[in-house]
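Coordinate inspection notes
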Amino acid sequence: MSLLTLLPFIVLIGAMFLMTRSAKKKQQQAIEMRNQMQPGSGVRTIGGMYATVKEVSEDTVLLDAGPGVELLFAKNSIGAVLTDEEYNRIVHGIEHDLQSDAGVVPDDASSLTEADDVSDAAADSDDAPVDLGKKDADDEPADATADTRAKKSDGDSDAK
C-alpha cells in the first residue's frame with residue numbers, strides 16, 4: 001500500500017487522539033474542582049440548583065439548600081464551585097460594586113419633593129417648545145401660506 005492510501009486513516013486516528021486528550025483534560029479539571037470543595041462553598045449542581053456545601057465525604061456532598069433543607073448529592077453531580085461574590089450575586093442578589101450604589105433610586109418619594117428650587121427650575125425649562133422635526137403651519141414661509149389661502153378661496157368661489 002502506498003502512503004497516500006494510508007494518509008486519511010492516519011489523519012483520522014490523530015484527530016481521535018486529540019479529541020480524547022482534550023476530553024480527558026476537561027474531566028481531570030472537573031475532578032480537581034470537585035476535590036477543592038470545602039464546607040461553606042457555594043455550588044451549582046448539574047441540575048441548576050444553587051446551595052452551600054455543608055459536608056464533603058469521599059463520594060457524596062451534603063448541601064444546605066435553605067433553612068432546614070439538607071440534601072445529599074453525589075460528588076459528580078456538582079457542576080461548578082462558585083466564588084463567594086458570584087454565589088451571593090446569583091442567590092441573594094447582593095452586588096459588591098460600590099459604583100452601582102451611587103445611582104440607586106430611593107424607596108419613597110420624599111426625597112423627590114424636598115428640593116422645590118430644583119423642581120421650579122425644571123418647570124421653567126419645560127415651558128420651552130421642543131423641536132421634534134415636524135413643520136407646523138406657523139413655520140411655513142409667509143408667501144406659501146398666502147398662496148394656499150388664495151387657492152382655497154379660489155376653489156371655494158368656483159364651487160359656489
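I will try to describe carefully the structure that is included in this document. (Residues numbered from 1 in each chain as written. Predicted model: local features only at pLDDT ≥ 70, side-chain atom pairs only at ≥ 80, totals over all residues. Heavy atoms only, no water.)

1. Description of the overall build of the chain
What the chain contains, in helices and strands, is 5 helices and 5 strands. Each helix and strand of the chain, placed in order from N terminus to C terminus, yields the pattern α-β-β-β-β-β-α-α-α-α. A buried classification covers 12% of the 160 residues belonging to the chain. Pairs at least 24 apart in sequence give 39% of the contacts found in the chain among residues at least 6 apart. Total accessible area on the chain is roughly 13,200 Å²; 56% of this is exposed by carbon and sulfur atoms. (Helix = DSSP H or I, 4+ residues; strand = E, 2+ residues; numbered from the N terminus. Buried < 20%, exposed > 50% of the residue type's maximum accessible area, 1.4 Å probe, protein only. Contact = heavy atoms within 4.5 Å. Areas by Shrake-Rupley, 256 points an atom, 1.4 Å probe, with all protein chains shown as cover.)

2. Notes on a nonpolar patch on the surface
Together, Leu3, Leu6, Phe9 and Ile10 line one region of the surface with nonpolar side chains, adding up to about 420 Å² of accessible area. Looking at the secondary structure, you find leucine 6 in helix α1 (residues 3–35). (Patch = residues over 30% accessible without salt bridge, like charges linked within 9 Å, V, L, I, M, F, W, Y side chains within 5 Å. Salt bridge = Lys/Arg side-chain N within 4 Å of Asp/Glu carboxyl O.)

3. A short note on the pairing of strand β4 (residues 69–74)
With 6 bridges connecting them, strand β3 (residues 60–66) and β4 associate as antiparallel partners. When the bridges of β4 are listed, valine 61 appears paired with phenylalanine 73. In this antiparallel pair of consecutive strands, β3 and β4, the connection spans 2 residues, and glycine 68 shows a positive phi of 80 degrees. (Pairing = 2+ DSSP bridges.)

4. What to know about the nonpolar core
With 7 residues, the main nonpolar core is built from Met37, Val43, Ala51, Val53, Val61, Leu63 and Ile78. At the level of elements, β2 (50–56) and β3 are the ones that each hand at least two residues to this core. Contacts of methionine 37, omitting those with residues within four sequence positions, involve Val43, Val53, Val56, Val61, Lys75, Ile78 and Val81. (Core = buried A, V, L, I, M, F, W, Y, C linked by side-chain atoms within 4.5 Å.)

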